[in-house]
Amino acid sequence: MTLQVGQRVKAGDVLAKVAQPWKLMARLQITETQAKDILLGQKASIDTRNGIVAGHVSRIDASIVNGTRTVDCKLDGPLPAGAVPDLSVDGTVEIERLPDVVYMERPVFGQPNSAANIFRLDADGKNASRVPVKLGHASVSNIEVLEGLKPGDQVILSDMPNQDQNPRVV
């Protein structure tokens, strides 16, 4: 805070921050529904918008504020140029790694470890048929397909409640 000589401040105002730029960490705000699976030591990737730095989870805040939990990540790799305290960053915490899976973008109604009916585009690309699909693990944006689809299948991810009774969409 820039102050003038003789200026008064309220008790508790932050006047200065002391930082060690060589010991920076990333503080991520993660929704409580996703934070339930995070554990200490899990790998993390921190995007500083000037490079991606490897890290790991070093602390998980016990409290939930506005639907999010704070997760601190220690940075393991060298800092990119321009890394400074209070820089806005994005981060990804690797909860689990699944090799050789079929997956798709997560539909609006796609819940982990459930079954769903999804419209798969026919070969002509103009019509779609309803197929039962068994879903597995999920992330924020993707979901594992256990049964019902194969790699390369194109599907309609939109919620289509008006078509619930139809086996095909033309």
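Note that the coordinates shown come from a computational prediction; the quantities given were computed from them, not determined experimentally.

Trainee: Which parts of the structure should I look at to understand the nonpolar core?
Mentor: It is characteristic of soluble globular proteins that their nonpolar side chains tend to be buried jointly. In this structure, Ile30, Ile46, Cys73 and Val93 are the most contacted members of the largest nonpolar core, which totals 15 residues. At the level of secondary structure, the elements contributing two or more residues to this core comprise β1 (25-31), β2 (43-47), β3 (52-60) and β4 (68-75). Discounting residues that sit within four places of it in the chain, valine 93 has contacts with Leu28, Ile30, Ile38, Gln42, Lys43, Ala44 and Val57. Within the second largest apolar cluster, 9 residues are counted, among which are Val131, Val133, Leu135 and Ile143.

Trainee: Just checking my understanding: could you explain unusual backbone geometry for this structure?
Mentor: Excluding glycine, most residues fall at negative phi; most peptide bonds, likewise, are trans. In this structure, arginine 49 takes a positive phi of about 70° despite not being glycine. Residue placement: arginine 49 occurs in the loop between β2 and β3. In this model, aspartate 100 sits at a positive phi of 55°, which is unusual for a non-glycine residue. Positionally, aspartate 100 belongs in the loop between β5 (90-93) and β6 (102-105).

Trainee: Explain the sheet that holds β4 here, please?
Mentor: By way of backbone hydrogen bonds, the strands of a sheet pair with one another, either parallel or antiparallel. If you trace the 5 strands from one edge of the open sheet to the other, you get β1-β4-β3-β2-β5, paired in antiparallel fashion. Across the chains shown, the open sheet's two edge strands, defined by having one partner strand only, are β1 and β5. Each neighbouring strand pair of the sheet contributes to a mean axis angle of 40°, computed without reference to strand direction.

Trainee: How do you make sense of the pattern of salt bridges when you look at a structure like this?
Mentor: Opposite charge on two side chains permits pairing when their charged atoms draw close. Throughout the structure, instances matching the rule amount to 8 salt bridges. A salt bridge links lysine 36 to aspartate 37, with the shortest nitrogen-to-oxygen separation between them at 3.2 Å. Taking relative accessible area as the criterion, lysine 36 reaches 60% and is therefore assigned exposed. The partner of arginine 120 in a salt bridge is aspartate 153, and the shortest N-O contact between them spans 3.9 Å. Of this pair, arginine 120 sits in strand β7 (residues 115-121) while aspartate 153 sits in the loop between β9 (142-147) and β10 (155-156); the two residues are 33 residues apart in sequence, bridging distant segments of the chain. On the basis of relative accessibility, which here comes to 25%, the residue arginine 120 falls in the partly exposed class. In this structure, a network of salt bridges that share partners links the residues Arg27, Arg59 and Asp72.

Trainee: Even after reading the chapter, I still don't get the side chain of threonine 68, so can you show me in this structure?
Mentor: By secondary structure assignment, the location of threonine 68 is in strand β4. Within the structure, the side chain of threonine 68 is placed 3.3 Å from the side chain of glutamine 29, a separation counted as a polar contact. Setting aside residues no more than four positions away along its own chain, threonine 68 makes contact with Gln29, Ile30, Thr31, Glu32 and Ser63.

Trainee: Help me out: how do you make sense of the environment of threonine 48 in this one?
Mentor: Counting through the fold element by element, threonine 48 comes out in the loop between β2 and β3. Taking C-alpha positions, threonine 48 is 7.2 Å from serine 88, a pair spaced 40 residues apart along the chain. Once you skip the residues sitting within four places of it in the chain, threonine 48 turns out to touch Val53, Pro80, Leu87 and Val89. Of note is the side chain of threonine 48, whose polar atom sits 2.9 Å from the backbone oxygen of glycine 51.

Definitions and limits used
- Throughout, residues of each chain are indexed from 1 in the direction in which the sequence is written.
- Given that the model is predicted, a residue must reach a pLDDT of at least 70 before its local features are reported, and side-chain atom pairs must reach 80 or more before they are shown or counted; all residues, however, enter totals for whole chains, interfaces and linings.
- By convention in this description, side-chain values take in all heavy atoms of the structure and omit both hydrogens and water.
- Only buried Ala, Val, Leu, Ile, Met, Phe, Trp, Tyr and Cys residues count toward a nonpolar core, and they belong to the same one when joined by side-chain atoms within 4.5 Å.
- Using a 1.4 Å probe on the protein chains alone, a residue whose accessible area is under 20% of its type maximum counts as buried, one over 50% counts as exposed, and one in between counts as partly exposed.
- Numbered from the N terminus, helices here are DSSP runs of H or I no shorter than four residues, and strands are runs of E no shorter than two.
- Contacts between residues were defined by any pair of non-hydrogen atoms, one from each residue, lying within 4.5 Å.
- Here a strand pair is declared whenever DSSP counts at least two bridges between the two strands.
- Interaxial angles span 0 to 180 degrees and are taken between N-to-C directions of axes, which are lines fitted to C-alpha atoms, for helices over the stretch in contact.
- By definition, a salt bridge exists where a carboxyl oxygen of Asp or Glu is found within 4 Å of a side-chain nitrogen of Lys or Arg.
- Distance and chemistry together define a polar contact, namely a pair of N or O atoms within 3.5 Å, with one atom able to donate a hydrogen and the other to accept it when in protein, and with adjacent residues in sequence counting only for side-chain atoms on both sides.

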